[in-house]
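Secondary and tertiary structure notes
Each chain, written out:
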Amino acid sequence: MRELVLLASSSSSSIFTPPNPSPPHHHHRHYSSKPKTKVPSPSLPKPVTTLHSSSPLLSTAQTLHHNTANYLDLAAQLADDGLLHEFVVLAESVIASGVEASQFFAGLNAAVVAKGIFKNLRQRNVEGVVEVLKRVHQLGLPPLKLFDAASLDLLRIECLNIVNFGDLDEILLLMETLAGFSFKIKELVEPSRVIKICVYKRNPLMAVRFAKLFPHEGILICSIIKNFGKKGDLESALVAYEAYSQNWSVPNMYVCRAIIDVCGLCGDYMKSRYIYEDMLNQKLIPNVYVFNSLMNVNAHDLGYTMHLYKKMQNIGVSADMTSYNILLKSCSVARKVDLAQEIYREAKQLELAGLLKLDDFTYCTIIKIFADAKLWQLALKVKEDMLSSGITPSTFTWSSLMSSCANVGLVEQAIKLFEEMILAGCSPNAQCCNILIHACVEACQYDRAFRLFHTWKGGEVQDTDTFSEGYINDMDGISSAMHAHRDSIITVQNLASNSLHLCYINKLPFTPSLTTYNTLMKACGSDYNRAKALMDEMETLGLSPNRISWSILIDICGSSGNMDGAIQILKNMRMAGVEPDVIAYTTAIKVCVQSKFLKMAFSLFVEMKRYQIKPNLVTYDTLLRNRTGYGSLKEVQQYLAIYQDMRKAGYKSNDSYLKQLIEEWCEGVIQDNYQCQDELEPCKSTDLGRPHSLLLEKVAAHLHNNVSESLSIDLQGLTKVEARIVVLAVLRMVKENYILGHSVKDDMWITLGIHQADVVPATKQSELKKAIFQLLQNELGLEVRIAVPGSTTDLQTDMKIPVDSHQNLSSSFETDQKIMSSPRRPIVLQRLKVSKNSLLQWLQRRVGENRR
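Residues numbered from 1 in each chain as written. Predicted model: local features only at pLDDT ≥ 70, side-chain atom pairs only at ≥ 80, totals over all residues. Heavy atoms only, no water.

Describing the overall build of the protein chain
Spelled out, the test is: Secondary structure counts use DSSP, requiring at least four H or I residues in a row for a helix and at least two E residues in a row for a strand, with both numbered from the N terminus. Summary of the burial criterion: residues with accessible area below 20% of their type's maximum are buried, those above 50% are exposed, and those between are partly exposed, where the area comes from a 1.4 Å probe applied to protein chains only. Each accessible area is a Shrake-Rupley estimate made with a 1.4 Å probe; only the visible protein chains count as cover when residues are assessed.
Counting its secondary structure elements, the protein chain contains 42 helices and four strands. Per-residue burial for the protein chain yields a buried fraction of 47% across its 852 residues. Per element, the accessible surface of the protein chain, about 43200 Å² overall, is 52% carbon and sulfur.

Right, dumping it as structure tokens:
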């Protein structure tokens, strides 16, 4: 009996002095901004116990049952008043006293508890609700059962408020807590909202952490990666990809494809290749969709795209229609017509076998390839294939077909296609009209281009000159139909109606664009005023002239002979807020070159480099090809500097014209040019097949520094004609520097090549030595000394020059031995030496002769 009383007493006291629960986890921001007030524990009446001595166990059970009922009533009252903290303390105390948790919560009125949760959420006490849910969950009750529809809706609203506040830590902590209580997060908050916040704050790890709360996390990861890609944040997208891929058990190809697509969207195709290689290293086999994305991102590199296509075949991944379309796209970028035809034929064969079905994109792409290559007949053949396959050409297809004819100036054929387009029920757009105007310009039918423009622009009845031939042909068709099918009145009426429709095109959906006006400006020829009027008209319509517009205006102004005006237009272009590009500068440089104002051309070239505008091949060729002769060392150095800059930029040019001009400048050293004409003749065919002109590189290297203090000429690897040009170039430089007051301060050394002691000198080296010796001594009158280690008698045998004619020659031999470390075969350099005094005497004679 004493033990039962103590039990009842301890049970009663536990209500007033509850056990200390685990302290709640506090965050840096509370869910509720209202200050909490401590609510005193209610004073409960002591439960009355009635015990029978004859049945102690029965008495204990009755007492517990009676107390539980009282506690349930009290718990319901606390919950109804919104005192959730006290409610959960009471529940913990009752369960700690020995009552089963399931029995206690089964006796609770769930609606009353949900009402208390609703009151707390309405007071925005989300933190307090979450804390109670944690403690209820620890007692073994699913927290979700404490909610009804109203309280769940209010929880959804509060979650949305927290998301709108934008604190990622708070959002993620709340969502993870609720997900742990089996709440459906998607019903509480829209996932895209949280993802947008993560993307905005550039926090990919938080985004991945949030996505893992959902069963379809892979789809959300794709969305996260793509959203980062749209923002141009490839680094964050890669972090999200890596964070997700580290823990996947089965590779998600959708995620792999998404990150590859984002690499292309951000313009970093090399990253896509690294991802692909990483997949292969992990023994992952990409599917066709991953391969397609990878090929599409690398479509600019036809070689790599074809490598991927062959890889697909090798590992057994079947290409689909998208794969072939991307291959055709890559061929279009690389302008590989033959390969595109081969791919197109392969796709057609697969279509005949029932394995593929060519779509509109396939036909449009191959037609565009033929159009760009000006193969209009092949483009029309593809159109027939398209119609036979039952695919209706789109507006883009028709415009590509018209472009194939317009690019070669076939105006009538382009107009015929325009008519067929209208007969097929396809409405032409502004691009189609622009193509017809372009066709007229290409065919030099400038007046016709302006007639079409003014007709469409004003929405007037179409000029019959434009479609006269098409109309006559259609009327002939009507006449033939009437004779062949006299009873087919409906057919004849349809043909007549269509022909009339061709002649009277009212108000085409044509709005002039920048392309329209730029094309018409090309039709102005050298009429600057007309072109300027078109540009002014553009501005009145709200169209801002672009770089192409300004470049065309510069060209037209220069064509009229107004070089100063062309340069001023280039300046006005920048003042108008349009930064000149390489085309604008190249056009202005071309105008200066044509006007023989080379100084301004070089000035513009330097200016564009200063603005960090990279010259293209046309820019270099414009400067290098339009020069018929050199006048000074400075000009030669300028052109050679451009040549070297062109080589460094990766451009390859035909060096023959530049060589000829350098030869003219070099041979000016010799007074009697007729003496060396026979020697110059072989140079026209020298070195043209080499990938890099060694001759020009040698000349450029020697003339790079305009000094005469240290004269050293390296002729290794050159033919005798090329060596002659290099030596003359250096002497021309020395001469011009001497005229400007720069005296020679050192001897001139000429390196012929490597001489090996145990090998007989090659015939080629002997011929080079002979040619240079004759040039310097016989033609220019310079004193030359030969330095060949270990040999002083090979002069007569190698060079066939009488010693008597140069009596002081044998006495002037010097030995300049430079032995490399080789015990078996000592290697030295064969060199010629022209003394400083000899050079000075030669320069004095030359300058004196020129003055006389």
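Some thoughts on the packing of aromatic side chains
In plain terms, the rule: Only centres within 6.5 Å qualify two rings of Phe, Tyr or Trp (six-membered ring in Trp) as a pair; their planes then separate them into stacked at under 30 degrees, edge-to-face at over 60, and tilted for everything else.
The full count for this structure, using the stated rule, is eight aromatic pairs. Aromatic side chains Phe210 and Phe214 sit 5.1 Å apart centroid to centroid with 70° between the ring planes, which places their arrangement in the edge-to-face category. Of the two residues, Phe210 and Phe214, both sit in the buried class. When the centroid spacing of 6.4 Å and the interplanar angle of 75° are considered together, the rings of Tyr344 and Tyr363 count as edge-to-face.

Some remarks on the environment of Phe118
The criterion, for reference: Here, residues are in contact when the closest pair of their heavy atoms is within 4.5 Å.
Mapping Phe118 onto the fold places it in helix 5 (residues 110-122). When the C-alpha atoms of Phe118 and Leu152 are compared, they prove to be 8.3 Å apart, with 34 residues separating the residues in sequence. Non-local contacts of Phe118, meaning those with residues more than four positions away in its chain, are made with Ala150, Ser151 and Leu154.

A word on the pattern of salt bridges
Here is the rule we go by: Put simply, a salt bridge is a Lys or Arg side-chain nitrogen that is within 4 Å of an Asp or Glu carboxyl oxygen.
Across all of its chains, the model carries 21 salt bridges by this definition. Lys357 is paired through a salt bridge with Glu351; the nearest N and O atoms lie 3.8 Å apart. Note on Lys357: relative accessible area 51%, which makes it exposed. A salt bridge links Glu607 to Arg574, with the shortest nitrogen-to-oxygen separation between them at 3.9 Å. Placement of the pair is Glu607 in helix 33 (residues 598-610) and Arg574 in helix 31 (residues 563-575), with a sequence separation of 33 residues. Bridged by salt links that share partners, the residues Lys348, Glu351 and Lys357 form one connected network.

Examining the side chain of Ser838
Operational definition: We call two N or O atoms a polar contact when they sit within 3.5 Å, provided that within protein one can donate a hydrogen and the other can accept it, with sequence-adjacent residues counted only if both atoms are side-chain atoms.
Residue placement: Ser838 occurs in helix 42 (residues 836-851). Within the structure, Ser838 has its side chain in polar contact with the backbone nitrogen of Glu783 (distance 2.8 Å).

Section: the nonpolar core
The line we're drawing: Think of a nonpolar core as a cluster: buried Ala, Val, Leu, Ile, Met, Phe, Trp, Tyr and Cys residues, connected wherever their side-chain atoms sit within 4.5 Å.
In this structure, Phe104, Phe105, Phe147, Met175, Leu178, Ile225 and Ile366 are the most contacted members of the largest nonpolar core, which totals 192 residues. Formed by 31 residues, the second largest nonpolar core is a distinct cluster that contains Val730, Val734, Ile786 and Leu843.

Some remarks on the side chain of Ser400
Its place among the elements puts Ser400 in helix 22 (residues 395-406). Not counting chain neighbours up to four residues away, the residues in contact with Ser400 comprise Cys364, Ile367, Lys368 and Ala371.

Topic: a nonpolar patch on the surface
Defined as follows: A patch is a set of surface residues, each over 30% in relative accessible area and not in a salt bridge, joined within 9 Å for like charges and within 5 Å for the nonpolar side chains Val, Leu, Ile, Met, Phe, Trp and Tyr.
Taken together, Tyr269, Met270 and Tyr274 make up a surface patch of nonpolar side chains, about 290 Å² in accessible area. Take Met270: it is sitting in helix 15 (residues 269-281).

Description of the layout of surface pockets
Our working rule: A 1.4 Å probe that fits into a set of points on a 1 Å grid over the protein atoms alone but cannot get out defines a cavity; an open set with protein on both sides within 12 Å along at least five of seven lines defines a pocket, and lining residues are those with an atom within 4 Å of a point. Grid points are joined across faces, edges and corners, and a volume is the space filled by probe spheres set on the points. Here the nonpolar group is Ala, Val, Leu, Ile, Met, Phe, Trp, Tyr, Cys and Pro; Asp, Glu, Lys and Arg are the charged ones; every other residue, Gly included, is treated as polar.
Taken as a whole, the second largest pocket spans an internal volume of roughly 330 Å³. Along the wall of the second largest pocket there are 13 residues; nearest its centre are Asn518, Thr519, Lys522, Ile548 and Ile552. Here the lining of the second largest pocket is composed, by residue class, of three nonpolar, seven polar and three charged.

What to know about the packing of helix 32 (residues 582-594) against helix 34 (residues 617-625)
Rule in force here: Only the contacting stretch of a helix is used when fitting its axis, a line to C-alpha atoms as for every element, and angles between N-to-C directions run 0 to 180 degrees. By the definition adopted for this analysis, an angle is roughly parallel if under 35 degrees, roughly antiparallel if over 145, roughly perpendicular if from 65 to 115, and oblique otherwise.
It is at 9 Å that the axes of helix 32 and helix 34 come closest, and there the two elements cross at 10°. For the element pair helix 32 / helix 34, the angle class is roughly parallel. Together, Val582, Thr586, Ile589, Lys590 and Val593 of helix 32 and Val618, Thr619, Thr622 and Leu623 of helix 34 make up the contact between the two elements. Among the residues forming the contact of helix 32 with helix 34, the class breakdown is five nonpolar, three polar and one charged.

Things to note about the packing of helix 14 (residues 253-265) against helix 15
One way to put it is that helix 14 packs onto helix 15 with a least axis distance of 7 Å and a crossing angle of 155°. Put simply, helix 14 runs roughly antiparallel to helix 15. Contacts between helix 14 and helix 15 involve Met253, Cys256, Ile259, Ile260 and Cys263 on the former and, on the latter, Tyr269, Lys271, Ser272, Ile275 and Met279.

As for helix 24 (residues 430-442)
Under the convention used in this document: One fewer than the residue count of a helix, multiplied by 1.5 Å, yields its expected span.
Spanning 13 residues, helix 24 covers 18 Å between terminal C-alpha atoms, matching the ideal 18 Å at 1.5 Å per step. Those residues of helix 24 lying buried are Cys432, Cys433, Asn434, Ile435, Leu436, Ile437, Ala439, Cys440 and Val441. Between the side-chain oxygen at the start of helix 24 and the backbone nitrogen of Gln431 there is a gap of 3.2 Å, and the oxygen is on Asn429. One or two steps after helix 24, the chain reaches Cys444, where phi turns positive at roughly 60°.

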